[in-house]
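Structural characterization, general
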Amino acid sequence: MECSDSSRTIEKGPLFGIRHVPTILLFFNLAAGYVTRLNIGVLLVAMTTRLTSNKGPVIGIRHLQALLLFLAIVVNYVARLSVSVAVVAMTDAATSNPDFPEYNWTGAETSYVLSSFYWGYIVTQFPAGFLVRRFGAKAVLLVPTLATAVLSGITPPCVAWGGWQAFSVIRVVEGLFQGLIFPCIHEHLAKWSPPKERNRLGVLAYSGADCGSVLAMASSGLIANSSMGWPGIFYMSAGTCGLWCVLWLLLGYNNAPNSRLIGAQERDYIERSMKRPDGFHAKKIPVPWRAIWTCAAFYALLIVRSAQGWANSTMQLQTPSYMHGVLEMDIKSNALYSALPFLAMWCMAYVYLAFADLAMSRKWMSLTALRKSINTVSYWGPAAALIGIGFLDKSQTNLAIALMTINAGLNAGSGIGSILTIIDMSPNHSGMLMAIVNGIGNIFPLLTPLLVGVIVTEPGSRSQWQIVFGMTAVVFFFGNLVYLIWGTTDQQAWDAEDYLSPRDQEAKSEHQMDLKSKQKSPESPTT
């Protein structure tokens with residue numbers, strides 16, 4: 001007998017649905033189990049590995065701290081950057097799951113939503129430097145990630161209630177909290193990274209920005225097209241941020257002597273490599289403000305990082321809009337292709353790291369020359385690529401994507417090229433310096449979405465996007481030129497923990513000697 005329904009076709013379910021939820025839960029279950037299992041292995045290595053005269057264990061708790069910083073940046077970047085894809089889905093339901101609300105926001109209103117994060121972000125940068133010095137990275141870094149989890153979770157109902165205005169307010173508050181993150185990251189790296197391992201641990205931590213960008217761009221479009229719709233983007237961010245908070249509470253420590261997991265050998269290696277005496281972390285080192293603000297190398301660093309901030313905001317926030325408008329790509333492929341440049345950055349960060357390790361071990365150049373060389377490739381290469389991108393249209397989509405990927409891949413060296421220079425110059429004040437540099441540098445991400453909203457009045461206009469990319473190329477060029485002339489990795493004299501005290505005592509003693517000499521010397525005869 002023939003089956004009567006043999007010709008019946010089975011319709012496919014949604015690309016992403018409830019059936020995937022158990023898989024995600026199993027993933028986190030296995031992740032938590034493996035973290036516990038592997039941490040024990042790391043601990044045993046740290047406790048049993050025999051040190052040489054100048055090297056610590058190959059893998060230790062310092063690497064665990066860098067990994068936690070990596071994950072912190074990942075989850076916070078996903079929450080920050082996935083909004084650029086979510087906004088496209090929220091304003092054009094045809095490009096995503098149409099079962100969820102669509103909002104008729106203008107280009108200017110969308111720009112307010114995208115830029116509002118940075119309105120809050122720049123406000124808390126400077127206070128973050130003081131907070132991390134007072135309370136330590138563990139407490140201060142926990143707060144913004146936990147707040148991001150809560151704010152991401154309440155975003156969909158708040159937008160339904162208050163529209164783009166409510167969305168902008170949430171983004172401002174989220175920016176206020178996330179402004180605390182990078183000064184904490186830098187302070188924590190300075191506490192845990194021996195000079196010879198600074199490149200490795202720094203790249204491991206900061207490559208979280210590239211990984212987070214990849215996940216934000218690649219997953220957001222898929223989630224928006226799934227049964228979860230665009231609200232699912234925010235709920236997933238809330239879950240991942242909450243999970244990281246648990247890991248940080250269990251495994252994060254402010255410094256090596258404070259850690260209960262670290263072995264004595266690794267602890268001594270870290271502290272000895274940084275030439276820290278016993279009780280160093282309990283000291284309160286005053287900030288030499290005058291010396292910092294009169295240092296040419298500090299201004300060079302400030303300018304080069306500001307140029308990077310301008311470029312980051314253009315590429316991270318405007319890429320989906322450019323691909324949707326000029327290249328006419330739907331949100332799903334838009335999100336996947338938008339992720340390609342950041343995937344290239346993530347991979348190339350380790351290529352730059354391998355070159356840096358080889359160059360330093362073979363002593364091909366000084367640390368300053370190495371950082372400037374890598375930063376030049378990372379800035380001037382993308383400047384040329386951006387100019388080329390502006391001349392492409394929808395008939396050259398593949399070439400546009402290739403150039404954007406090359407652009408991002410080359411720019412991956414900026415971490416080794418200039419971010420870690422802050423720790424090189426001043427490990428004792430790295431958190432405060434990062435607060436200043438990141439705070440001023442992120443004024444530009446506040447302005448660029450608004451500027452793009454003014455310049456790009458027609459999202460499909462190639463000529464208008466040429467202006468945007470051309471301006472970014474010019475900023476890249478001159479930012480690195482200043483760094484080449486005045487930048488340095490030399491540890492500054494004002495970084496010394498006793499920098500201010502000896503100068504005060506010396507000034508007092510000289511003043512006293514002058515008074516005594518005047519009292520002893522006879523009055524000069526009148527003429």
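Up top is the structure.
For the structure given in this document, a descriptive report is provided here. (Residues numbered from 1 in each chain as written. Predicted model: local features only at pLDDT ≥ 70, side-chain atom pairs only at ≥ 80, totals over all residues. Heavy atoms only, no water.)

1. Regarding the overall build of the protein
Selection criterion: Numbered from the N terminus, helices here are DSSP runs of H or I no shorter than four residues, and strands are runs of E no shorter than two. Buried residues are those whose accessible area, probed at 1.4 Å on protein chains only, stays under 20% of the maximum for their type, while exposed residues exceed 50% and partly exposed ones sit between those limits. Note on definitions: a residue-residue contact is assigned when non-hydrogen atoms from the two residues lie within 4.5 Å.
For the protein, the helix and strand inventory stands at 20 helices and zero strands. A buried classification covers 53% of the 527 residues belonging to the protein. Across the protein, the fraction of contacts at a sequence separation of at least 24, relative to all contacts at a separation of at least 6, is 84%.

2. Brief notes about the packing of helix 3 (residues 107–121) against helix 5 (residues 137–178)
Condition: Lines are fitted to the C-alpha atoms to define the axes, a helix being fitted only along its stretch in contact, and any angle between axes, read from their N-to-C directions, falls within 0 to 180 degrees. What sets the label is the angle itself: under 35 degrees gives roughly parallel, over 145 gives roughly antiparallel, 65 to 115 gives roughly perpendicular, and the rest give oblique. Note on convention: near helix rotated counterclockwise from far helix by under a right angle means a left-handed crossing. Clockwise means right-handed. Charged means Asp, Glu, Lys or Arg here, nonpolar means Ala, Val, Leu, Ile, Met, Phe, Trp, Tyr, Cys or Pro, and polar covers whatever is left, Gly included.
Two elements in contact, helix 3 and helix 5, have axes whose closest approach is 6 Å; the angle formed by their N-to-C orientations is 25°. When the interaxial angle is binned, helix 3 and helix 5 end up roughly parallel. Helix 3 and helix 5 meet at a crossing whose hand is right-handed. Contacts from Glu-109, Tyr-112, Val-113, Leu-114, Ser-116, Phe-117, Trp-119, Gly-120 and Tyr-121 of helix 3 reach helix 5 at Trp-164, Phe-167, Ser-168, Arg-171, Val-172, Glu-174, Gly-175, Leu-176 and Gln-178. Partitioned by chemical class, the residues of the contact of helix 3 with helix 5 number ten nonpolar, five polar and three charged.

3. A closer look at a nonpolar patch on the surface
As a reminder, the rule being used: Patch rule: a residue counts if its relative accessible area is over 30% and it has no salt bridge; like charges are joined within 9 Å, and nonpolar side chains (Val, Leu, Ile, Met, Phe, Trp, Tyr) within 5 Å. Shrake-Rupley sampling with a 1.4 Å probe provides the accessible areas, and residues are treated as covered by the protein chains on show and by no other component. In the sections that follow, a salt bridge refers to a side-chain nitrogen of Lys or Arg positioned within 4 Å of a carboxyl oxygen of Asp or Glu.
Nonpolar side chains collect at one region of the surface, where Phe-355, Leu-358 and Trp-364 lie side by side and expose about 290 Å² of accessible area between them. Along the chain, Trp-364 turns up in the loop between helix 12 (331–361) and helix 13 (367–389). Residue Trp-364 is classed as partly exposed on the basis of its relative accessible area, which comes to 47%.

4. A look at the packing of aromatic side chains
Note the cut-off: Think of it this way: a Phe, Tyr or Trp ring, Trp meaning its six-membered ring, pairs with another when their centres are within 6.5 Å, and the plane angle makes it stacked under 30 degrees, edge-to-face over 60, tilted otherwise.
Throughout the structure, instances matching the rule amount to 24 aromatic pairs. On the numbers, 5.9 Å between centres and 85° between planes, the contact of Tyr-118 with Tyr-121 is edge-to-face. Taken as a pair, Tyr-118 and Tyr-121 lie in helix 3 at a separation of three residues, close to a single helical turn. Tyr-121 carries the same exposure label as Tyr-118, and that label is buried. Taking the centre distance of 5.8 Å and the plane angle of 65° together, the rings of Phe-298 and Tyr-299 count as edge-to-face. Taken together through their ring pairs, the aromatic side chains of Tyr-103, Trp-105, Phe-167, Trp-230 and Phe-234 make up a single cluster.

5. With respect to the nonpolar core
Applied cut-off: Nonpolar cores were defined as sets of buried Ala, Val, Leu, Ile, Met, Phe, Trp, Tyr and Cys residues, with membership established by side-chain atoms within 4.5 Å.
Counting residues in each nonpolar core, the largest one holds 86 residues, and the members touching the most others are Leu-141, Phe-182, Ile-185 and Tyr-322. With ten residues, the top contributor of residues to this core is helix 2 (residues 61–91).

6. What about the side chain of Gln-308?
The condition is simple: Polar contacts, as used here, are pairs of N or O atoms within 3.5 Å; protein pairs need one atom able to donate a hydrogen and one able to accept it. Residues neighboring in sequence count only if both atoms are side-chain atoms.
Mapped onto the elements of the fold, Gln-308 is located in helix 11 (residues 296–325). One polar contact links Gln-308 to Asn-411, side chain to side chain, over a distance of 2.8 Å. For Gln-308, the residues in contact, after removing those within four places along its chain, are Tyr-379, Asn-411, Ser-414 and Phe-476.

7. Here we look at the environment of Ser-168
Of note, Ser-168 is situated in helix 5. Overall, the relative accessible area of 7% leaves Ser-168 in the buried class. Taking the C-alpha atoms as reference points, Ser-168 and Thr-110, separated by 58 residues in sequence, lie 9.3 Å from one another.

8. Here's the deal with helix 3
What counts here: Take the number of residues in a helix, subtract one, and multiply by 1.5 Å to get its expected span.
Between its first and last C-alpha, helix 3 extends 22 Å over 15 residues, near the 21 Å set by a 1.5 Å rise per residue. Burial runs high along helix 3: eleven of the 15 residues are buried. Among the residues making up helix 3, those that are buried are Glu-109, Thr-110, Ser-111, Val-113, Leu-114, Ser-115, Ser-116, Phe-117, Tyr-118, Gly-120 and Tyr-121.

9. Thoughts on the pattern of salt bridges
The tally for this structure, following the rule as stated, stands at eight salt bridges. The partner of Glu-266 in a salt bridge is Arg-62, and the shortest N-O contact between them spans 2.9 Å. Separated by 204 residues along the polypeptide, Glu-266 in helix 9 (residues 264–273) and Arg-62 in helix 2 bring together distant segments of the chain. For the pair formed by Glu-266 and Arg-62, the shared burial category is buried.

Function cannot be inferred from these measures alone, as they are strictly geometric.
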